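The primary structure of each chain is shown beneath.
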Amino acid sequence: MSIAKRILSRRAFNALAGAAFVAAMMPATSFAQDVTIPIIVKDTTSFYWQIVLAGARAAGKDLGVNVPELGAQSEADINGQITILENAVASAPAAVVIAPTEFKALGKPVDEAAKSVPVIGIDSGADSKAFTSFLTTDNVQGGRIAADGLAAAIKEATGKEEGEIAIITSLPGVGSLDQRREGFLDQIKTKYPGLKVVADKYADGQATTGLNIMTDLITANPNLVGVFASNLIMAQGVGQAIAENKLGDKIKVIGFDSDEKTVGFLKEGVLAGLVVQDPYRMGYDGVKTALAVSKGEKVEANVDTGANLVTKANMSEPKIDALLNPKVN
């Protein structure tokens, strides 16, 4: 055999060996690429849920997983979310990540879904024991943090932890919101006896309703000194009412979650504080956990993703700034 032919044969052998190596590696590489893990949020239009989706999107990119981003147009559209869940399961994904809109109503749908695919819960619970893993803020503790923040803001303004306060909940029957309310009211009752809850209101998931409820409270309760608005939408509406009536110095408001509008209210002194979760982590770790489950790996049954009180005084700290300005693209 000539030298040229020997060189050519060696090159051909090396090429075939390389191809065989790549082929041997393909099953491991293509596994994640072939995996589909839908994430279903409560409301695709809300900034909070857009952050959750951004986290899930980043996880999909990092892990090579297809992550359809699903959800209704309103947190009040419970039936819409149930239909979305049923359709997602029918497409035979590797797992599903969901933030249930309503505790009772989503119980049986989650049970049914879990008969076909692993279901990972995020943010809010459902009346089901079928979640393989559940990642959320400790919302009872979040309510306690809100109570402590409100008491501190009232004391700073008046010199004492006393006066009439109110709580406004976005929707009834939502697990996370019910837990925040529970934690808030319990903390007020046990730790701040001088603070009297004179109004415990429910809205319909719309910021305009929060604005109207707050406007009515201002008229009906002239001695009101504090309010807890238990989610982003209510914080927007309540903040707008406080701003329009120029009552930031008199009525201290603690909201829950953040967006450009509520952070602006915080800077202006319209809101006294915001209890901020880590929705980006919920989305990212939700998908990451779902992928692990689809591979048969063991995962934690419950994961606390944390909450922090943000005030005008600490909002520029690096850790807090990262929560207030997450990457959504």
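Relevant structure appears above.
Here's a quick rundown of the structure. (Residues numbered from 1 in each chain as written. Predicted model: local features only at pLDDT ≥ 70, side-chain atom pairs only at ≥ 80, totals over all residues. Heavy atoms only, no water.)

### Concerning the overall build of the protein chain
- If you tally the helices and strands in the protein chain, you get 11 helices and 12 strands.
- For the protein chain, the residues scored as buried account for 50% of the 329 residues in total.
- A sequence separation of at least 24 residues applies to 71% of the contacts in the protein chain between residues at least 6 apart.
- For the protein chain, the exposed surface amounts to about 15300 Å²; the carbon and sulfur share of it is 52%. (Helix = DSSP H or I, 4+ residues; strand = E, 2+ residues; numbered from the N terminus. Buried < 20%, exposed > 50% of the residue type's maximum accessible area, 1.4 Å probe, protein only. Contact = heavy atoms within 4.5 Å. Areas by Shrake-Rupley, 256 points an atom, 1.4 Å probe, with all protein chains shown as cover.)

### Comments concerning helix α10 (residues 279-294)
- Counted at 1.5 Å a residue, the expected span for α10 with its 16 residues is 22 Å, and the 23 Å between its end C-alpha atoms agrees.
- Within the sequence span of α10, burial applies to Pro 279, Met 282, Gly 283, Gly 286, Val 287, Thr 289, Ala 290, Leu 291, Ala 292 and Val 293.
- One or two positions beyond α10, positive phi appears at Gly 296, with a value near 85°. (Expected span 1.5 Å × (residues − 1).)

### Focus on the environment of Val 35
- By the secondary structure assignment, Val 35 is in the loop between α1 (3-33) and β1 (39-41).
- Val 35 sits in the buried class, given a relative accessible area of 5%.
- Residues Val 35 and Ala 94 lie 59 residues apart in sequence; the distance between their C-alpha atoms is 6.0 Å.
- Each residue touching Val 35, except ones within four places of it in the same chain, is listed here: Val 65, Asn 66, Ala 94 and Leu 291.

### Points about the sheet that holds strand β7 (residues 195-202)
- Pairing in this open sheet of six strands is mixed, and the strands run β7-β6-β8-β9-β10-β12 from one edge to the other. A strand with exactly one partner marks an edge of an open sheet, and here the two such strands are β7 and β12 (308-310). Direction aside, neighbouring strands of the sheet carry axes that sit 20° apart on average.
- One ladder, built from five bridges, connects strand β6 (residues 163-169) with strand β8 (residues 224-229); its direction is parallel. When the bridges of β8 are listed, Ile 168 appears paired with Ala 229.
- Running at roughly 160° to strand β9 (residues 252-256), helix α5 (residues 139-158) makes contact with β6, β7, β8, β9, β10 (273-276) and β12 of the sheet. (Pairing = 2+ DSSP bridges. Axes fitted to C-alpha atoms, helices over the stretch in contact; angles between N-to-C directions.)

### Points about the side chain of Ser 230
- Among the secondary structure elements, Ser 230 is positioned in the loop between β8 and α8 (232-244).
- The exposure class assigned to Ser 230 is buried, which follows from its relative accessible area of 0%.
- Apart from residues no more than four positions distant in its own chain, Ser 230 is found in contact with Ile 168, Thr 169, Ser 170, Leu 177, Arg 180 and Phe 256.

### Section: the packing of helix α3 (residues 78-90) against helix α4 (residues 107-114)
- For the pair α3 and α4, the least separation of the axes is 10 Å and the interaxial angle reads 5°. One way to sum up the angle between α3 and α4 is to call them roughly parallel. Here Ile 82, Leu 85 and Val 89 of α3 lie close against α4, whose contacting residues are Pro 109, Val 110 and Ala 113.
- Partitioning the contact of α3 with α4 into residue classes produces six nonpolar, no polar and no charged. (Parallel < 35°, antiparallel > 145°, perpendicular 65-115°, else oblique. Nonpolar A, V, L, I, M, F, W, Y, C, P; charged D, E, K, R; others polar.)

Without other data, these values stay purely geometric and don't point to any function.
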